[in-house]
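# Structure at a glance
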Amino acid sequence: TASGAVLCIVGGREYTVQRGLNRATQMQRQPGSALKPLAVFAPAIEYLDYQTTSLLLDAPEDFLGYTPRNAGDHYRGWITLRDTAAYSVNLPAVKLLNEVGVNRAKQYAATVGIPFTDKDNNLSLALGGFTTGVSPLELAASYMPFASGGFYDAPGTVARIESPDGTVRYERKETPNNVLSEQTAFL
């Protein structure tokens, strides 16, 4: 929900080991291109005034020894940011991250719960390549600002705990943070 409340979560279907791995919260994987909207597109629109109609060049390029490629080595020439996102095109995304700056991209992604290490300082972040990876819950929650007008609240599974006599022992406080403008979230 917009408050960060988790309505349903499934961490696996077979629990043969007590307190086994919860795949939704404990499994860490490289997010791949699912990171592009978080590390590239949102910061480019928010901080550099890019629009979804802005043109980007989709052509091979060497970034000081880093030479990413598109799937099938297919390049489209000039392409809009919208089409770069829709077709998950790699080269314009890497070029855009280079323009945004890795640190600024990491700063935004960190505000929506994406964890990084000190080693994560390269352009491969545009393609979702970094040290630790993310859990499915972290990745799903990081998209919250796009649906909530720019607000993020960390995911939570417990709303309230009461004792048998009705005394509230714990109540989750909603703490939504405005991390994107409403316009950027819409775009």
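In this report, the structure presented in the accompanying data block is examined. None of these values were measured; they are calculated from a predicted model. (Residues numbered from 1 in each chain as written. Predicted model: local features only at pLDDT ≥ 70, side-chain atom pairs only at ≥ 80, totals over all residues. Heavy atoms only, no water.)

## Description of the overall build of the chain
Along the chain, the regular secondary structure elements total 7 helices and 6 strands. The linear arrangement of helices and strands in the chain, starting from the amino end, is α-β-β-α-α-α-α-α-β-β-β-β-α. With the C-alpha coordinates of the chain rotated into their principal frame, the extents come out at 65 × 40 × 30 Å. Element-wise, carbon and sulfur atoms account for 52% of the exposed surface of the chain, whose accessible area totals about 10800 Å². The positive charge centre, built from 16 side chains, and the negative charge centre, built from 18, are 7 Å apart in the chain. (Helix = DSSP H or I, 4+ residues; strand = E, 2+ residues; numbered from the N terminus. Areas by Shrake-Rupley, 256 points an atom, 1.4 Å probe, with all protein chains shown as cover. Lys, Arg positive; Asp, Glu negative; His and termini not counted. Charge placed at Lys NZ, Arg CZ, Asp CG, Glu CD.)

## Overview of the pairing of strand β1 (residues 55–58)
Covered by surrounding structure in β1 are L56 and D58 only, the residues L55 and L57 on the alternate face being uncovered. Bridge analysis of β1 against strand β2 (residues 77–80) gives 4 bridges, and the strand direction is antiparallel. Paired with L57 across the two strands is W78, which belongs to β2. (Buried < 20%, exposed > 50% of the residue type's maximum accessible area, 1.4 Å probe, protein only. Pairing = 2+ DSSP bridges.)

## Regarding helix α4 (residues 102–111)
Along α4, the positions that sit buried rather than exposed are V102, A105, K106, Y108 and A109. Looking down the long axis of α4, one finds its buried residues gathered within 165 degrees of arc, a one-sided arrangement. Exposed and facing more than 90 degrees away from the buried side of α4 are N103 and Q107. Looking one or two residues past α4, G113 carries a phi angle of roughly 85 degrees, positive in sign. (Arc of directions from axis to C-beta.)

## Some remarks on the packing of helix α1 (residues 36–48) against α4
Two numbers describe how α1 lies on α4: the axes approach to 9 Å, and their chain directions differ by 105 degrees. Relative to α4, α1 is oriented roughly perpendicular. Two secondary-structure elements touch here, α1 through L38, A39, A42, P43, Y47 and L48 and α4 through R104, A105, Y108 and A109. In terms of residue class, the contact of α1 with α4 is made up of 9 nonpolar, no polar and 1 charged. (Axes fitted to C-alpha atoms, helices over the stretch in contact; angles between N-to-C directions. Parallel < 35°, antiparallel > 145°, perpendicular 65-115°, else oblique. Contact = heavy atoms within 4.5 Å. Nonpolar A, V, L, I, M, F, W, Y, C, P; charged D, E, K, R; others polar.)

## With respect to the pairing of strand β5 (residues 168–171)
Sheet topology places strand β4 (residues 160–162) next to β5; 3 bridges connect them, and they run antiparallel. Bridge assignment links R160 to a residue of β5, and that residue is E171. Counting the residues that bridge the hairpin from β4 to β5 gives 5 residues, and of these G166 lies at a positive phi of roughly 95 degrees.

## A word on a nonpolar patch on the surface
A cluster of nonpolar side chains, L55, L57 and W78, forms an exposed patch at the surface whose accessible area comes to about 340 Å². Checked against the element boundaries, L55 lands in strand β1. (Patch = residues over 30% accessible without salt bridge, like charges linked within 9 Å, V, L, I, M, F, W, Y side chains within 5 Å. Salt bridge = Lys/Arg side-chain N within 4 Å of Asp/Glu carboxyl O.)

## What about the nonpolar core?
In this structure, V40, Y50, L81, L96, L97, V112 and I114 are the most contacted members of the largest nonpolar core, which totals 35 residues. Contributing elements (two or more residues each) for this core: α1, α3 (90–100), α4 and α5 (136–142). Considering every element that reaches this core, the biggest residue donor is α1, with 7 residues. V40 has contacts with L35, A93, L96, L97, V100 and A126, leaving out every residue within four places of it along the chain. (Core = buried A, V, L, I, M, F, W, Y, C linked by side-chain atoms within 4.5 Å.)

## Some thoughts on α3
The element α3 is largely enclosed, with a buried count of 9 among its 11 residues. Among all positions of α3, only N90, L91, P92, A93, V94, K95, L96, L97 and V100 are buried. Packing partners of the buried residues in α3 comprise α1, β1, β2, α2 (81–86) and α4. Looking at the residues trailing α3, positive phi occurs at G101, about 100 degrees.

## Overview of the pattern of salt bridges
A full pass over the atoms with the stated rule returns 6 salt bridges. In this structure, K95 and E61 form a salt bridge, with 3.4 Å as the shortest nitrogen-oxygen distance. Here K95 is found in helix α3, whereas its partner E61 is found in the loop between β1 and β2, with 34 residues between them in sequence. The residue E171 makes a salt bridge to R160 at a minimum N-O spacing of 3.7 Å. Of the two residues, E171 is situated in strand β5 and R160 in strand β4; the sequence distance between them amounts to 11 residues.

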